[in-house]
Protein chains: 2
Amino acid sequence: MTIGKLGQAAGVKVPTIRYYEQIGLLPEAERSGGNQRLYSRKALDRLTFVRHARELGFTLDAIRDLLSLSDHPDQPCAAADAIAKAQLAEIEKRLARLASLKVELKRMVAQCAGGSIADCRVIEVLGDHSHCSTDHSHREGEGAS
Amino acid sequence: MTIGKLGQAAGVKVPTIRYYEQIGLLPEAERSGGNQRLYSRKALDRLTFVRHARELGFTLDAIRDLLSLSDHPDQPCAAADAIAKAQLAEIEKRLARLASLKVELKRMVAQCAGGSIADCRVIEVLGDHSHCSTDHSHREGEGAS
DNA sequence: TCTTGAAGCTACAGCAGCTAGAGACATTAA
DNA sequence: TTAATGTCTCTAGCTGCTGTAGCTTCAAGA
């Protein structure tokens, strides 16, 4: 299949596929007589994997690791496991943050109920530290509590 | 206060503050005799607002809008409200996606319980379309190259 | 068979949102 | 006074794409 079909099938844009090849995330594709890239089902699987991993929030580097692991399947999977666990922790952090931020945004919307900006708290809510869930303790050297 | 103190107080790195000034997100700071930036409490509030808004997932453009609204507080706050609502919707989408992806990652970790990569499903889980929430239709059975 | 229009090619520029480095000047504590 | 630290400007780099220009190839219709 050509690059356009591959992109449609995997849900990835064509320039992105070429970019992935360029940075070595995908192997160099075979070419047709007219120099066009040709892909196999296997390539589709790999690209689909990449897309899903990106959606999971893996960096391209982590994905590269994962792919190289899958290319050598006779190793213990501790490494893949470690990568996945790290990502899981990362995602749980993000989830918690997003959840609390959603509460703040809802408050913002609720407090901005038709008045003028002078009356509404949108700006203050975001300037206020009291709803600050993340622990940015304002001084680098200081340990987190 | 100088830029370093401001950065510490707001939880924002010094080059980032200068960057924000450069792109017009923060007003140009007053300077000391020695040409160093000096900030007021008001500037700290503004920067804190920016940091929180960034954490909420607002783009710098959205933040710019919000700030310009807050600079003209005699307007109705419908615009701020609209921005906040749009962000809220965006955040709820992200939350939903992250939540379902967390489930997948947990499955990945669970299925990779000490075997070798050949036995574990980390790779397959991410290549599998059956948990695919997004609607990228793709046809099966298109010939491999 | 010819033609046309979509899809492909390479190469490069640009985007957001920072971050890091070089080399010079300012401030501050001892 | 001197040394350390902080700040200055400027420039370049980073990730992960996305878009453009100017060309070639391919598939389908007349």
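Residues numbered from 1 in each chain as written. Chains lettered and ligands numbered in written order. Predicted model: local features only at pLDDT ≥ 70, side-chain atom pairs only at ≥ 80, totals over all residues. Heavy atoms only, no water.

Trainee: It is not clear to me how the overall build of chain A should be interpreted in this structure. Could you clarify?
Mentor: In terms of helices and strands, chain A carries six helices and two strands. Reading chain A from its N terminus to its C terminus gives the helix and strand order α-α-β-β-α-α-α-α. With 145 residues in all, chain A has 38% of them scored as buried. Considering only residue pairs separated by 6 or more positions, chain A has 44% of its internal contacts joining residues 24 or more positions apart. By element, 51% of the accessible surface of chain A is carried by carbon and sulfur atoms, the whole surface being about 7700 Å². (Helix = DSSP H or I, 4+ residues; strand = E, 2+ residues; numbered from the N terminus. Buried < 20%, exposed > 50% of the residue type's maximum accessible area, 1.4 Å probe, protein only. Contact = heavy atoms within 4.5 Å. Areas by Shrake-Rupley, 256 points an atom, 1.4 Å probe, with all protein chains shown as cover.)

Trainee: So what exactly am I meant to see when it comes to the packing of aromatic side chains here?
Mentor: One pair of aromatic rings is described through two measures. These are the centre distance and the angle between the planes. Scanning the model with the defined rule gives two aromatic pairs over all chains in all. Summarising the aromatic geometry, the rings of Tyr19 of chain B and Tyr20 of chain B are spaced 6.0 Å apart at their centres and angled 45 degrees between planes, so their arrangement reads as tilted. (Phe/Tyr/Trp six-rings, centres within 6.5 Å; stacked < 30°, edge-to-face > 60°.)

Trainee: I'm lost on the confidence of the model for chain A in this one. Help?
Mentor: For any part of a model where pLDDT is low, the fine detail of the predicted coordinates should not be relied upon. A residue-level look at chain A finds 72% of positions with pLDDT of 70 or above and a mean pLDDT of 76. Considering only residues more than four positions removed or in separate chains, one finds that residues 133-145 of chain A, a stretch of pLDDT under 50, has 15 contacts. (pLDDT = per-residue confidence, 0-100.)

Trainee: Would you mind showing me how to read the protein's contact with DNA strand C here?
Mentor: Near DNA strand C you find 18 residues, and of these Gly4, Arg18 and Arg37 of chain A together with Tyr20 and Arg54 of chain B are the closest. Sugar and phosphate atoms form 90% of the subset of DNA strand C atoms that lie within 4 Å of the protein. In this structure, a phosphate oxygen belonging to DNA strand C sits 2.4 Å away from a side-chain N or O atom of Arg18 of chain A. Arg54 of chain B is positioned with one of its side-chain polar atoms (N or O) 2.7 Å from a phosphate oxygen of DNA strand C. At the level of elements, helix H1 (3-10) of chain A together with helix H2 (14-22) of chain B are the ones that each hand at least two residues to the surface near DNA strand C. Counting residues per element, the surface near DNA strand C draws most heavily on H2 of chain B, which supplies three residues. The class makeup of the residues in the surface near DNA strand C is four nonpolar, nine polar and five charged. (Near = heavy atom within 4 Å. Polar contact = N/O pair within 3.5 Å; in protein donor to acceptor, adjacent residues only side chain to side chain. Nonpolar A, V, L, I, M, F, W, Y, C, P; charged D, E, K, R; others polar.)

Trainee: Please clarify how the protein's contact with DNA strand D should be interpreted in this entry.
Mentor: Not every one of the 19 residues close to DNA strand D is listed here, only the nearest: Tyr20 and Arg54 of chain A together with Arg18, Arg31 and Arg37 of chain B. Sugar and phosphate atoms constitute 86% of the interface atoms of DNA strand D, taking the interface as everything within 4 Å of the protein. The side chain of Arg18 of chain B places a nitrogen or oxygen atom 2.4 Å from a phosphate oxygen of DNA strand D. Contributing elements (two or more residues each) for the surface near DNA strand D: helix H2 (14-22) of chain A together with helix H1 (3-10) of chain B. The element best represented in the surface near DNA strand D is H2 of chain A, accounting for four residues. Its residues placed into classes, the surface near DNA strand D shows five nonpolar, nine polar and five charged.

Trainee: Help me understand the nonpolar core in this model?
Mentor: Across soluble globular proteins, nonpolar side chains show a tendency to be buried alongside one another. Residues Phe58 and Ile63 of chain A together with Phe58 and Ile63 of chain B are the most contacted members of the largest nonpolar core, which totals 71 residues. Among the domains, domain 1 (3-59) and domain 2 (78-127) of chain A are the pair contributing at least three residues each to this core. (Core = buried A, V, L, I, M, F, W, Y, C linked by side-chain atoms within 4.5 Å. Domains from an automatic or database assignment.)

Trainee: I would appreciate a short explanation of the pattern of salt bridges in the present structure.
Mentor: Side-chain pairs of opposite charge can arise whenever the charged atoms involved come near each other. Under the defined criterion, the tally for this structure stands at seven salt bridges over all chains. With a closest N to O distance of 3.6 Å, Arg64 of chain A and Asp61 of chain A form a salt bridge. Of this pair, Arg64 of chain A and Asp61 of chain A are both found in helix H4 (residues 60-70), three residues apart, which corresponds to roughly one turn of the helix. Classification of Arg64 of chain A by relative accessible area gives partly exposed; the value is 31%. We note a salt bridge from Arg41 of chain B to Asp45 of chain B, for which the minimum N-O separation is 3.0 Å. Separated by four residues within a single helix, Arg41 of chain B and Asp45 of chain B lie in helix H3 (residues 41-55), roughly one turn from each other. The exposed category is assigned to Arg41 of chain B, whose relative accessible area is 61%. In this structure Asp45 of chain B comes out as partly exposed when scored by relative accessible area, which is 33%. Counted as one network, the salt bridges with shared partners bring together Glu21, Arg31 and Arg37 of chain A. (Salt bridge = Lys/Arg side-chain N within 4 Å of Asp/Glu carboxyl O.)

Trainee: Any chance you could explain the environment of Gly11 of chain B here in plain terms?
Mentor: Residue placement: Gly11 of chain B occurs in the loop between H1 and H2. For the pair Gly11 of chain B and Thr48 of chain B, spaced 37 residues apart in sequence, the C-alpha to C-alpha distance is 7.7 Å.

Trainee: I would appreciate a short explanation of the packing of H3 of chain B against helix H4 (residues 60-70) of chain B in the present structure.
Mentor: Residue and element names in this part refer to chain B. At a minimum axis distance of 10 Å, the contact between H3 and H4 shows a crossing angle of 140 degrees. It follows that H3 is oblique to H4 by the angle criterion. The two elements H3 and H4 meet at a crossing, and its hand is right-handed. Counting all contacts with H3, which are made through Arg46, Phe49, Val50, Ala53 and Arg54, the residues of H4 involved are Leu60, Ile63, Leu66 and Leu67. (Axes fitted to C-alpha atoms, helices over the stretch in contact; angles between N-to-C directions. Parallel < 35°, antiparallel > 145°, perpendicular 65-115°, else oblique. Left-handed = near helix turned anticlockwise from the far one by under 90°.)

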